Amino acid sequence: MSNVDLVIEERAASIGNFLVGRLLPFRQKRTVGPFAFIDHMGPAAVKEHDNLDVDPHPHIGLSTLTYLFEGSIMHRDSLGSHVEITPGAVNWMTAGRGVVHSERMPVNIRQEKPDTVLHGLQIWIALPKELEEIEPSFVHIEASELPSWQENGVDYKLIAGKALGHESPVPVHSPLYYIEIKSKDAATINIGAGLFGEAALYILEGEVKSGEHTYGNKNILIANDSTLCEFEMAPNTTVYIFGGDPLPEERYILWNFVSHDVERLEKAKQDWIDQNYDAFPLIEGDDKSYVPFPEGMKNFRNKTS
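- In the nomenclature of an unreviewed UniProt entry, the protein corresponds to Pirin family protein from the organism Myroides odoratus.
- Quoted verbatim from the Sequence similarities (unreviewed entry) field of the UniProt record, the comment on the protein reads "Belongs to the pirin family."

Here it is as structure tokens:
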């Protein structure tokens, strides 16, 4: 990405007893297009962790996108969804006015395959203002359904959105893109003309050269103008490009909630503390525990743009 405006280095964060690499939000750049939150999970061996499970927890005002490189996660939600996420597939859950979900290691893997590694990305995408209170929904897209192609020896996959002459079946709610690019040999990429809005490039493995600078893995390169997406990939490099049109209103995050309206965040917080089942229904088959609202965050408001 020529003319890189900002470089963000992956930072360690904890979700329970499981460490992740936090990519967004960042103090100097809270969002990229509608993308408001990105965690790099793992790689982590199942046998080295007692709780790769995340108990039932709520969301509002966003869509979540889970994309795994290795391992699997069992997803359950208050809509009745019960799906195993496998590498290359997409779980797309739109929280809207409110949803509850849990993410657990499948029992058979924990018992029979303890050497399994969990590795992937979890992403929050803010909803447009007029869609923040829509009915929650869930869609699972198999890996084989995602557009994939090869150009000049480089492998491309469009995970979500519309770009480069392709469209993913993931039902997004605003103009965006999330693209996987893999190189076996050194390659020059120039795809800015097929993108729009803000753009960011995350280096999962390998190296990327932009201008006179070379960047290694676990870095995000951000360009406020997507037409600047020109860069060189070293052999055996994997990158993810994401972005799109920024939402016109400011967004705030309070724990797992995203909204343009801080009063709506306060209501969601209180509904979860009170365990208001009208706002946040129970998950059938996973209703014996839940993640409490973090005590130290009750008055915390985080502007995300």
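And the narrative resumes.
**As for the pattern of salt bridges**
Here comes step 1: What the rule picks out here adds up to 10 salt bridges.
Here comes step 2: Salt-bridge contacts for Asp286 lead to Arg104; the nearest nitrogen and oxygen are separated by 2.8 Å. Pair noted here: Asp286 is in the loop between helix H2 (262–273) and strand S26 (302–303) and Arg104 is in strand S10 (residues 99–104), with a separation of 182 residues, a long-range link.
Here comes step 3: The salt bridge partner of Arg264 is Glu133, with a shortest N-O separation of 2.7 Å. Of this pair, Arg264 sits in helix H2 while Glu133 sits in the loop between strand S11 (117–126) and strand S12 (137–141), and the two are 131 residues apart along the sequence.
Here comes step 4: Assessed through its relative accessible area of 42%, Glu133 is described here as partly exposed.

**Details of the sheet that holds strand S17 (residues 187–190)**
Here comes step 1: The strand order across the open sheet formed by 4 strands is S17-S22-S19-S20, and the pairing between neighbours is antiparallel. The open sheet has two edge strands, S17 and strand S20 (213–215), and neither has a second partner. Direction aside, neighbouring strands of the sheet carry axes that sit 30 degrees apart on average.
Here comes step 2: Pairing geometry for S17 and strand S22 (residues 230–233), over 4 bridges, is antiparallel. Its bridge partner lying in S22, Thr188 is registered against Glu232.

Criteria and cut-off values
Residues numbered from 1 in each chain as written. Predicted model: local features only at pLDDT ≥ 70, side-chain atom pairs only at ≥ 80, totals over all residues. Heavy atoms only, no water. UniProt positions renumbered as here; feature names shortened; annotations may be inferred. Salt bridge = Lys/Arg side-chain N within 4 Å of Asp/Glu carboxyl O. Helix = DSSP H or I, 4+ residues; strand = E, 2+ residues; numbered from the N terminus. Buried < 20%, exposed > 50% of the residue type's maximum accessible area, 1.4 Å probe, protein only. Pairing = 2+ DSSP bridges. Axes fitted to C-alpha atoms, helices over the stretch in contact; angles between N-to-C directions.

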